[in-house]
Amino acid sequence: MDLIQKIRERAKSTNKTIVLAEGVDERVVRAASVICEEKLADVVLLGNENKIRAVAADTDISGVEIVDPVASPKAEEYTALLYELRKDKGMTEEKARELVKDPIWFGTMMVKAGDVDGMVAGAVTATADVFRPAFQVVKTAPGVSVVSSAFMMVVPDCEYGANGVMLFADCAINPNPDAQQLAEIAIASSRTWKALMDEEPYIAMLSFSTRGSAQHELVEKVMEATRIVKEKAPELKVDGELQADAALVPKVAKTKAPDSQVAGRANILIFPDLNAGNIGYKLVQRLAKAEAVGPISQGLAKPINDLSRGCSAEDIVNVAAITALQAASMNI
Ligand SMILES: CC(C)(COP(=O)(O)OP(=O)(O)OC[C@H]1O[C@@H](n2cnc3c(N)ncnc32)[C@H](O)[C@@H]1OP(=O)(O)O)[C@@H](O)C(=O)NCCC(=O)NCCS
Ligand SMILES: CC(=O)OP(=O)(O)O
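Named according to an unreviewed UniProt entry, the protein is Phosphate acetyltransferase originating from Thermosediminibacter litoriperuensis. Quoted verbatim from the Catalytic activity (unreviewed entry) field of UniProt, the annotation for the protein is "acetyl-CoA + phosphate = acetyl phosphate + CoA". The annotation that UniProt attaches to the protein under Sequence similarities (unreviewed entry) is "Belongs to the phosphate acetyltransferase and butyryltransferase family."

Written as structure tokens, this is what we have:
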């Protein structure tokens, strides 16, 4: 059974309810149907019921609950909750009432209120607009200062990582993390890896330099982040700064970083910033025809996950399954 199948299989036993906020998108409707049919989770679709049924056409959504944020009897409760949570940051009751009519905000409030276990959105909404409500309302988990994201990359016919499976981070949230934040992203990624894989994590802190082969402040940031990871989580196998070839390819590792316990066997790649991370994952996805599952959020108090707007219905099903597993691991 491949990794994705295993994740879907494990999701079945979690008995979670996941809200898909973009209910009028055809891929989302098809994903909802598959999630119900395979019993991966209970599903709530948000949007106007007539529009959703028109989009569904022949797709069976008989097992799906449809909630219209504009007409929901829960709207006033969520308005009051949102106002209470954000009034010190300038939220008014009027503004809160307007915001909860938006499916992304409504779904986020459902998660916050405990009416569902997690949310998936981003098939039509840009990443920043999916995560901003989550950051403001759901907030970070205890002990976490920065939320980040990771993609589980499943590369066909590939001997690197764990037989072609690798975690890439951060590819969606933090534009320019400092050394402290980069270290936190690496540690969070090791937890995501452990939650989804049976293999030990080997973390490469990526750069355009390997072990001092180039000198630049961008390289120093990665060196400092590596030092912080080692200090905060001495049990982790981490090395940096490493170039991508030294991180992945044993032969290159032998010449560039011969004494490294990570070089040549890395399965978690930590990118130095969002330019590198987002471009890197999309290149591997498109050129190597890799499955890119995510972005999986790391560090939120409750699971809310984004999608790429280029996602397929299958991608949405996979991210919903991961969301159910995250909820189970948080005891939600
Ligand atoms: C995610 C993002 C929207 C947050 O930016 P922002 O809304 O300007 O953030 P702000 O600095 O105004 O902070 C808003 C709130 O979110 C919190 N926040 C912002 N980034 C956070 C993070 N990475 N982790 C945890 N909380 C965060 C802030 O603490 C703040 O909380 P508060 O209002 O309770 O004080 C921004 O980092 C972003 O646009 N990232 C890139 C997303 C993107 O385009 N990705 C590429 C495609 S996937
Ligand atoms: C994660 C990501 O890059 O999302 P999008 O393609 O929607 O910008």
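Caption draft 1: Summary view of the side chain of Asp-170. In this fold, Asp-170 is placed in the loop between strand S6 (165-169) and helix H8 (179-196). At 10 Å, Lys-221 is the nearest oppositely charged side chain to Asp-170, a buried residue that forms no salt bridge. Within the local environment of Asp-170, its side chain forms a polar contact with the side chain of Ser-149, the two groups lying 2.7 Å apart. Side-chain polar atoms of Asp-170 contact the backbone nitrogen of Ile-173, separated by 3.1 Å. Setting aside anything within four residues of it in sequence, one finds Asp-170 in contact with Ser-148, Ser-149, Ile-185, Phe-271, Asp-273, Leu-274 and Gly-277.

Caption draft 2: Up close: helix H9 (residues 217-232). Over its 16 residues, H9 extends 22 Å from the first C-alpha to the last, a length consistent with the 22 Å expected when each residue adds 1.5 Å. Of the positions making up H9, those classed as buried are Val-219, Lys-221, Val-222, Ala-225, Thr-226, Ile-228 and Val-229. Buried residues along H9 sit against H8, strand S7 (202-206) and strand S8 (237-242).

Caption draft 3: Region of interest: the layout of surface pockets. The space that makes up the largest pocket amounts to roughly 620 Å³. Around the largest pocket, the lining is made up of 27 residues, and of these Ala-188, Arg-191, Thr-192, Gln-298 and Gly-299 lie nearest the centre. Taken together, the elements giving at least two residues each to the lining of the largest pocket come down to H8, strand S10 (291-298) and helix H13 (313-329). It is H8 that provides the largest number of residues to the lining of the largest pocket, a total of eight residues. Looking at the lining of the largest pocket, its residues break down into 14 nonpolar, eight polar and five charged.

Caption draft 4: Focus on the pattern of salt bridges. For the structure shown, the criterion picks out 19 salt bridges. The partner of Lys-74 in a salt bridge is Glu-77, with the nearest N and O atoms 3.2 Å apart. One salt bridge connects Asp-239 with Arg-211, and the closest N-O pair in it is separated by 2.7 Å. Of this pair, Asp-239 sits in strand S8 while Arg-211 sits in the loop between S7 and H9; the two residues are 28 residues apart in sequence, bridging distant segments of the chain. Through salt bridges with shared partners, one network takes in Arg-8, Glu-38 and Glu-314.

Caption draft 5: Quick peek at the environment of Gln-243. Within the secondary structure, Gln-243 is located in the loop between S8 and helix H10 (244-248). Sequence separation between Gln-243 and Lys-112 is 131 residues, and the spatial gap between their C-alpha atoms is 40 Å. Leave out the neighbours within four places in its chain, and Gln-243 touches Leu-206, Ser-207, Phe-208, Ser-209, Thr-210, Ser-213 and Lys-256. A polar side-chain atom of Gln-243 sits 3.5 Å from the main-chain carbonyl oxygen of Phe-208.

Caption draft 6: Summary view of the site of ligand 1. What surrounds ligand 1 is a group of 16 residues, the closest being Arg-86, Arg-132, Lys-139, Val-147 and Ile-173. With respect to ligand 1, the side chain of Arg-86 contributes an N or O atom lying 2.8 Å from an oxygen atom. Relative to its free-state accessible area of 940 Å², ligand 1 is covered by the protein chains to the extent of 62%. Elements with a minimum of two residues in the shell around ligand 1: helix H7 (127-138) and helix H12 (274-287). At four residues, the largest contribution of residues to the shell around ligand 1 is made by H7. Looking at side-chain class alone, the shell around ligand 1 contains eight nonpolar, four polar and four charged residues.

What counts as what
Residues numbered from 1 in each chain as written. Chains lettered and ligands numbered in written order. Predicted model: local features only at pLDDT ≥ 70, side-chain atom pairs only at ≥ 80, totals over all residues. Heavy atoms only, no water. UniProt positions renumbered as here; feature names shortened; annotations may be inferred. Helix = DSSP H or I, 4+ residues; strand = E, 2+ residues; numbered from the N terminus. Buried < 20%, exposed > 50% of the residue type's maximum accessible area, 1.4 Å probe, protein only. Lys, Arg positive; Asp, Glu negative; His and termini not counted. Salt bridge = Lys/Arg side-chain N within 4 Å of Asp/Glu carboxyl O. Polar contact = N/O pair within 3.5 Å; in protein donor to acceptor, adjacent residues only side chain to side chain. Contact = heavy atoms within 4.5 Å. Expected span 1.5 Å × (residues − 1). 1 Å grid on protein atoms, 1.4 Å probe; cavity = no way out; pocket = protein on both sides within 12 Å on 5 of 7 lines; lining within 4 Å. Points joined across faces, edges and corners; volume = space filled by probe spheres on them. Nonpolar A, V, L, I, M, F, W, Y, C, P; charged D, E, K, R; others polar. Near = heavy atom within 4 Å. Areas by Shrake-Rupley, 256 points an atom, 1.4 Å probe, with all protein chains shown as cover.

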